[in-house]
Amino acid sequence: MTPAGLRGAASAGGWLASAPPSFREAVLDRAVVRRYGPGEVLHAAGDEAGGMYGIAKGSIRLMLSAIDHGPYCGHLLRPGSWAGDGPAIMRDIRPVTLISSGPSTVLFLSRAAIIEIVGQEPDHWRHFVAGTMLNLNLALGAIADLMLRDHRKRLVAVLLRAAGVRSETPPPECRIEVDIGQADIAAMANVNRTTAGATLRRLEEAGLLKTGYGKVTILSPARLRRMLME
């Protein structure tokens, strides 16, 4: 992918897509391209925050841990997603671990670059805060989904969120590949692996998705979303 293509992929949706062009260009002009192989760690929980990451190609697993359990895959960052903004701005330690699911390319915006951007235009702080609020709303939505009593709906909500279409309606014939396996899906939906496997098989038989080794292809996001409203 060309540098222009990487810039476009990292800003095609989500935070930067809704930001003013002047701010978007300020971020993209200062971001540095980094490439990772399958299983490579971008940063680990407890690391010092040197900057934030924008996903341009591939997908990144966001690993969560509590005081006495974990880590678990809590979310899948896809092209257009940005992460690490809060710790970078606050100069805090990383609360999560980011691991590349496969070959991936990210744009890294250093804390020094963030300070330079807002130093030149102080009003740009609110655009960084908008990105933080976007990620906060995503986390709150994930918590709300875990409160669904029906395990099938919890699993469907997890798949839609991992595919990046939990709150956005994609085209009816859209196919989305999600690079997570059944064990991660089970953990994210708070069900055991046997239940997750059986539920995925029923959804596959209904023509809603297709399972593969370490991935799930969603064949009908719109129909899956309708299941949550039943």
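In the block above lies the structure referred to throughout.
Residues numbered from 1 in each chain as written. Predicted model: local features only at pLDDT ≥ 70, side-chain atom pairs only at ≥ 80, totals over all residues. Heavy atoms only, no water.

S.K.: Pulling in residues and values, what's your account of the packing of helix 6 (residues 151-162) against helix 9 (residues 221-229)?
M.R.: Two numbers describe how helix 6 lies on helix 9: the axes approach to 9 Å, and their chain directions differ by 140°. Taken as axis vectors, helix 6 and helix 9 run oblique relative to one another. For the pair helix 6 and helix 9, the sense of crossing is left-handed. Taken together, the residues of helix 9 that come into contact with helix 6 (itself represented by Lys153, Val156, Ala157 and Leu160) are Pro221, Leu224, Arg225, Met227 and Leu228. By residue class, the composition of the contact of helix 6 with helix 9 is seven nonpolar, no polar and two charged. (Axes fitted to C-alpha atoms, helices over the stretch in contact; angles between N-to-C directions. Helix = DSSP H or I, 4+ residues; strand = E, 2+ residues; numbered from the N terminus. Parallel < 35°, antiparallel > 145°, perpendicular 65-115°, else oblique. Left-handed = near helix turned anticlockwise from the far one by under 90°. Contact = heavy atoms within 4.5 Å. Nonpolar A, V, L, I, M, F, W, Y, C, P; charged D, E, K, R; others polar.)

S.K.: So what's going on with the sheet that holds strand 2 (residues 41-43)? Residues and values would help.
M.R.: Read from one edge to the other, the open sheet built from four strands follows the order 2-7-4-5, with strand pairing classed as antiparallel. Looking at which strands have only one partner, the edges of the open sheet turn out to be strand 2 and strand 5 (72-77). Neighbouring strand axes in the sheet, compared pairwise and without regard to direction, differ in orientation by 30° on average. As defined by bridge partners, strand 4 (residues 60-64) adjoins strand 7 (residues 97-100) across four bridges and the pair is classed as antiparallel. For Leu62, the partnering residue across the bridge sits in strand 7 and is Leu98. In this fold helix 7 (residues 182-189) packs onto strand 4 and strand 5, with an angle of close to 100° to the strand it touches most, strand 5. (Pairing = 2+ DSSP bridges.)

Interpretation note: all reported values are geometric properties and have no functional meaning in isolation.
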